[in-house]
Amino acid sequence: MLNKLLQNQISKFYPDLEQISEEYLALLKVISETYDQKEKETRQLEQLLEKSSEDLAEVITADRRNCDALINSTTDIMWSVDRNYKMIKANRSFISVIELLTGTILKAGDDLSIIPGLPDENLKRWELYYNKAFAGETFTVEEYHNDFGKEVWTTISLQPILEGADVVGAACFSSDITESKRSSEIIRQSEEMMAEAQRIAHFGSWEMSLLESENNPLNTLKWSDEMYRIFGYEPGQYEPNVINFFATIHPADRETVTSAFERALSENSKYCVEHRIILPTGEIRWVRENAHIHVNEITLLPQKMIGTVEDITDRKKAEKAQKKAEANLRDILENTDTAYVLLDTDATVLSFNQLAKDLSKVYSGNEIREGVNYVDIMLEYRRAEVRAIIDNVIALKDKMSYETVYFTNDKKEQWLYVIITPILNDDGELFGLSVAARNITERKLFEIERSKITNYLTQRNKDLEQFTNIVSHNLRAPVASILGLSIVLDSEEVTEETRKECMKGFVSSVKNLDNTIIDLNYILQARKEIGEKKEIVDFAAIVKSVEESIGDIITNSGTKIDTDFSSVSEMFTLKSYLNSIFYNLISNSIKYRKTIELPVIRINSKRVNRKIILVFSDNGIGIDMKEHGSNIFGLYKRFHPTVEGKGMGLYMVKTQVETLGGKVSMNSKVNIGTEITLEFDT
């Protein structure tokens, strides 16, 4: 029984298969088996893709579970309700609160307008909230409760749930703000006490009109007696107006004061600024100004600005002297789960916390201590990079952040998120740096795993497209040839010589089919290896392994292989893939050598911006990149017909490098040589 696809194609020429001789029918059966094998492999590939889709669905399900876990881990209350007041979903906090207040355990679908044990006034108030959200309004309200003798303040936010342009329900969020309210009250009381303290301390006070009136011209200033003294005058000795006031401000600070004043007026906000003034004696003093804008209750226009002025010269001097100690305390003690290091402008370590000391030992093997240079405690290969980052922070006076990876003694990946921040004084002068490092291994490994899955599915899709191309071109051509030959052979006028030529064509076409299927199997087999466990792979050992496997070829061709792995000698990867990459690149360099010159292959490594770079170069016959550059890594692409090959080596190198998350590029010149660069993330 012939393959259905083949049988349909043959039936166009032979409606009755009995017309075909037994000899040709036997040959067609061989071809049919090839078709069957191809369909079997296609089904296997489809099953593999289906499995990948199922794996992705499992990842999505896990993400959804994690999201639910996050929502249920908060003490804030979250729930949603449809337009019939039926509960759609709620977190554990909402269910627990309702159960505590009423004894009712709610579940999805329950009517939230009728909750036994909850006062009717509460239910009616909530119906109003729901209806506002159903009308498309997003809003937030505060509520006060006194449940079980305990005062509680909450903030409640509602927003409509939309399906297209229709509101189908409301999403609700409630948070306990009792502590915030208490803090606000404490702050208010503190502000009142501060105001009284300022009065006792004889702070200067002032008032400026913002509206024209009969008794109060526009921009008129009124000063208290203490204001005159702060500015170096006796009360009444100086005319306080806007022009004279700005004349006392230090020229370097006038723009700052003007901007703060204009911003307060335009935004109707608090006016607060520190600046220098010049006394009549020429002495420079620092003052701090605070003011509020009073708005007319009827016109809602700014009416006047009332403020105070405090002489803070002594405080400014003390701040400048204590700035270093305050910065140290602020940066190191800010977050206990973050490693902090304080540096001077030369990157010398001034102080650090215990976590920074622990991380230094684990990740670099060097002990951090005061007085050493921060760059010197880095691993040797990272010192230049860290030095460049610090120089940029100092030059730009702006913070920089980056992620870096280390390996523990048991070869486990550990990721750190590092922020280097400049410490500036009020004059914008740099007097130190703070380094903060936080372990982000768990998040980073999750991101890497997710990226791997995405890349894996993308590569699978590319493979499917490639296989489709092979099936539609490389399989179709020999089949068409076989069909054409069968027509010739079936002719009664065919000569014996023609028959022999046709048979040779049959054999050649069948071999082409077989070779294509073998290539497909080879690519599929290579893809299976991605499941191998990663390990530390030594570059020199890989080269030695390749040399042993093709020792005769290297000896007979007189090939010399020079390596330089002094910068980077190993990487964490799939050993079989890296071995295959090295094998293909070394073999290609020998295969495409010059006939008049002994082949020389150079392999070196380096580390650039947390990437490992491998460079393979030779003195071979090279390739015309202008003509063939776009197809250089294509499957079955050959550029030297005189050299035996199938055009799969560079395709497999590119496939395996990209599967490992790397990039490959080539630079080649005819009769000069070829250079191939591999780039891998570390």
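Residues numbered from 1 in each chain as written. Predicted model: local features only at pLDDT ≥ 70, side-chain atom pairs only at ≥ 80, totals over all residues. Heavy atoms only, no water.

**Student:** Talk me through the overall build of the chain; I want residue IDs and the actual numbers.
**Tutor:** Helix and strand content of the chain: 18 helices and 22 strands. By residue count, 38% of the 682 residues in the chain fall in the buried class. At a minimum sequence separation of 6, the contacts of the chain that also span at least 24 residues come to 53%. (Helix = DSSP H or I, 4+ residues; strand = E, 2+ residues; numbered from the N terminus. Buried < 20%, exposed > 50% of the residue type's maximum accessible area, 1.4 Å probe, protein only. Contact = heavy atoms within 4.5 Å.)

**Student:** Tell me about the pattern of salt bridges, and name the residues and values.
**Tutor:** The final tally for this structure, using the stated rule, is 24 salt bridges. As a salt-bridge pair, glutamate 137 and lysine 132 come within 3.7 Å of each other at their nearest N and O atoms. With a shortest N-O distance of 3.5 Å, lysine 594 and glutamate 597 are connected by a salt bridge. Among the residues examined, lysine 594 registers a relative accessible area of 16% and is labelled buried. One connected set of salt bridges, linked through shared partners, spans Glu274, Arg288, Arg315, Lys316, Glu319 and Asp426. (Salt bridge = Lys/Arg side-chain N within 4 Å of Asp/Glu carboxyl O.)

**Student:** Tell me what's going on with the sheet that holds strand 19 (residues 600-608), and back it up with residues and numbers.
**Tutor:** Strand order in the open sheet formed by 5 strands is 17-19-20-22-21, and the pairing between neighbours is mixed. The open sheet has two free edges, formed respectively by strand 17 (560-564) and strand 21 (663-669), since each of these has just one partner strand. Sheet twist, expressed as the average angle between the axes of neighbouring strands with direction ignored, equals 15°. Bridge analysis of strand 20 (residues 611-618) against strand 22 (residues 673-681) gives 8 bridges, and the strand direction is antiparallel. Looking at strand 22, one finds that leucine 614 is bridged to leucine 678. Where helix 14 (residues 539-549) meets the sheet, it contacts strand 17, strand 19 and strand 20, and its direction lies at approximately 170° from that of strand 17. The strands that helix 16 (residues 575-591) touches are strand 17, strand 19, strand 20 and strand 22; relative to strand 19, the one it contacts most, it runs at about 140°. (Pairing = 2+ DSSP bridges. Axes fitted to C-alpha atoms, helices over the stretch in contact; angles between N-to-C directions.)

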